[in-house]
Amino acid sequence: MNCPRCDSLFIQTTFRDVCDSCYKEEEKLFELVYQYIRKRENRTAAMQQVIEATGVEEELIIKFIRNGRLKLAQFPNLGYKCERCGGMIREGRLCVSCSTSLKSELQLFKDEERRKQEIQERDKRLTYHVKENSHPNK
Ligand SMILES: [Zn+2]
Ligand SMILES: [Zn+2]
C-alpha cells in the first residue's frame with residue numbers, strides 16, 4: 001500500500017502503518033515527545049504545551065497515545081479531542097457525553113427505521129388485500 005505520510009509504496013504489517021523511512025522518522029519524533037514528557041516538570045503538560053515544546057504534530061502524538069506508546073496514566077493532563085465536540089478525552093474516539101448521545105441517536109434511528117418498515121409491511125398487506133377484492137370474477 002501507499003504510505004499515508006509520504007505516499008511511497010511499502011508492505012504494511014500489523015506493527016507498522018507507514019513506510020520504513022517514515023517509521024524511523026516517527027520513532028525519532030516519539031523519542032522527542034517521550035524525552036520531553038517524561039521529565040518530572042513536564043509530566044503535567046497539556047497537549048498544546050507538548051506540541052509547542054517538541055514541534056511534533058498533534059495527530060502523531062494522538063497516534064502514540066492510541067497505540068499505547070504514550071501511557072496516559074502517567075501524564076494526567078495529556079489527552080486529545082473528542083471527534084464530535086472537541087472536548088478533551090483520554091480514550092476512545094468520543095467523550096462520554098457524545099458517545100451517550102450518539103447511542104441514543106442511534107436508537108432513535110433504529111426505532112424510526114422499524115416504524116417505517118412496519119408501515120411498509122402494512123401497506124403491502126393492504127395493497128394485496130385491495131387486489132384480492134378487485135378480482136374481475138367477483
Ligand atoms: Zn512514508
Ligand atoms: Zn464529545
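Below: a short report on this structure. (Residues numbered from 1 in each chain as written. Chains lettered and ligands numbered in written order. Predicted model: local features only at pLDDT ≥ 70, side-chain atom pairs only at ≥ 80, totals over all residues. Heavy atoms only, no water.)

1. Let's talk about the packing of helix 1 (residues 20-37) against helix 2 (residues 47-54)
Here's step 1: It is at 10 Å that the axes of helix 1 and helix 2 come closest, and there the two elements cross at 120°. Here helix 1 is positioned oblique relative to helix 2, judged by the angle of their axes. For the pair helix 1 and helix 2, the sense of crossing is right-handed. Together, Leu32, Val33, Tyr36 and Ile37 of helix 1 and Gln49, Val50, Ala53 and Thr54 of helix 2 make up the contact between the two elements.
Here's step 2: For the contact of helix 1 with helix 2, the class distribution of residues is six nonpolar, two polar and no charged. (Axes fitted to C-alpha atoms, helices over the stretch in contact; angles between N-to-C directions. Helix = DSSP H or I, 4+ residues; strand = E, 2+ residues; numbered from the N terminus. Parallel < 35°, antiparallel > 145°, perpendicular 65-115°, else oblique. Left-handed = near helix turned anticlockwise from the far one by under 90°. Contact = heavy atoms within 4.5 Å. Nonpolar A, V, L, I, M, F, W, Y, C, P; charged D, E, K, R; others polar.)

2. Observations regarding helix 1
Here's step 1: Relative to the 26 Å expected for 18 residues at 1.5 Å per residue, helix 1 spans 25 Å between its end C-alpha atoms, a close match to the ideal helical length.
Here's step 2: Every buried residue of helix 1 is listed here: Cys22, Glu26, Leu29, Phe30, Val33, Tyr36 and Ile37. Here the buried residues of helix 1 occupy an arc of 125° about the axis, which is enough to place them on one side. Facing away from the buried side of helix 1 by more than 90 degrees, the exposed set consists of Lys24 and Lys28.
Here's step 3: Residues of helix 1 that are buried sit in contact with helix 2 and helix 3 (58-66). (Expected span 1.5 Å × (residues − 1). Buried < 20%, exposed > 50% of the residue type's maximum accessible area, 1.4 Å probe, protein only. Arc of directions from axis to C-beta.)

3. Looking at helix 2
Here's step 1: Restricting attention to buried positions, one finds in helix 2 the residues Met47, Val50, Ile51 and Thr54. Buried residues along helix 2 cover an arc of 100° about the axis, so they all sit on one side.
Here's step 2: Residues of helix 2 that are buried sit in contact with helix 1, helix 3 and strand 1 (80-81).
Here's step 3: With its phi angle positive at about 75°, Gly55 sits one or two positions after the end of helix 2.

4. Things to note about the coordination of the zinc ion (ligand 1)
Between any two of four tetrahedral donors, the ideal angle at the metal is 109.5 degrees; between two of six octahedral donors, it is 90 or 180 degrees.
Here's step 1: Donor atoms from the polypeptide that bind the zinc ion (ligand 1) are Cys3 (SG), Cys6 (SG), Cys19 (SG) and Cys22 (SG), placed at 2.2 to 2.3 Å.
Here's step 2: Every donor counted, the four donor atoms about the zinc ion (ligand 1) form angles of 106 to 117° at the centre, which fits tetrahedral coordination.
Here's step 3: On the primary sequence, the residues serving as donors to the zinc ion (ligand 1) are separated as C-x2-C-x12-C-x2-C. Of the two residues, Cys3 is situated in the segment before helix 1 and Cys22 in helix 1; the sequence distance between them amounts to 19 residues. Accessibility classification places Cys3 together with Cys22 in one group, the buried group. (Donors = N, O, S within 2.8 Å, 3.2 Å for Na, K, Ca; no water. Tetrahedral: all angles 85-135°; square planar, octahedral: opposite > 155°, others 65-115°.)

5. Topic: the coordination of the zinc ion (ligand 2)
Here's step 1: Each protein donor to the zinc ion (ligand 2) is listed here as Cys82 (SG), Cys85 (SG), Cys95 (SG) and Cys98 (SG); together their distances run 2.3 Å.
Here's step 2: Viewed at the metal, the four donor atoms of the zinc ion (ligand 2) are separated by angles of 104 to 118°, and the geometry they form is tetrahedral.
Here's step 3: Written as a sequence motif, the donor arrangement for the zinc ion (ligand 2) is C-x2-C-x9-C-x2-C. With Cys82 in the loop between strand 1 and strand 2 (88-89) and Cys95 in the loop between strand 2 and helix 4 (96-133), this residue pair connects regions lying 13 residues apart in the sequence.
Here's step 4: Judged by its relative accessible area of 12%, Cys95 falls in the buried class.

6. Section: the side chain of Asn42
Here's step 1: Following the sequence through the fold, Asn42 ends up in the loop between helix 1 and helix 2.
Here's step 2: In this structure Asn42 comes out as buried when scored by relative accessible area, which is 11%.
Here's step 3: The contact partners of Asn42, leaving out residues within four places of it in the chain, are Tyr36 and Ile37.

7. Some remarks on the packing of aromatic side chains
Here's step 1: Applying the stated criterion across every chain yields a total of two aromatic pairs.
Here's step 2: Ring centres of Phe30 and Tyr34 lie 5.6 Å apart, and the angle between their planes is 10°; on these two criteria the pair is classed as stacked. Here Phe30 pairs with Tyr34, and both are found in helix 1, just four residues apart, close to one helical turn.
Here's step 3: Judged by its relative accessible area of 7%, Phe30 falls in the buried class.
Here's step 4: Taken together, a centroid distance of 5.0 Å and an interplanar angle of 75° make the contact between Phe30 and Phe64 edge-to-face. (Phe/Tyr/Trp six-rings, centres within 6.5 Å; stacked < 30°, edge-to-face > 60°.)

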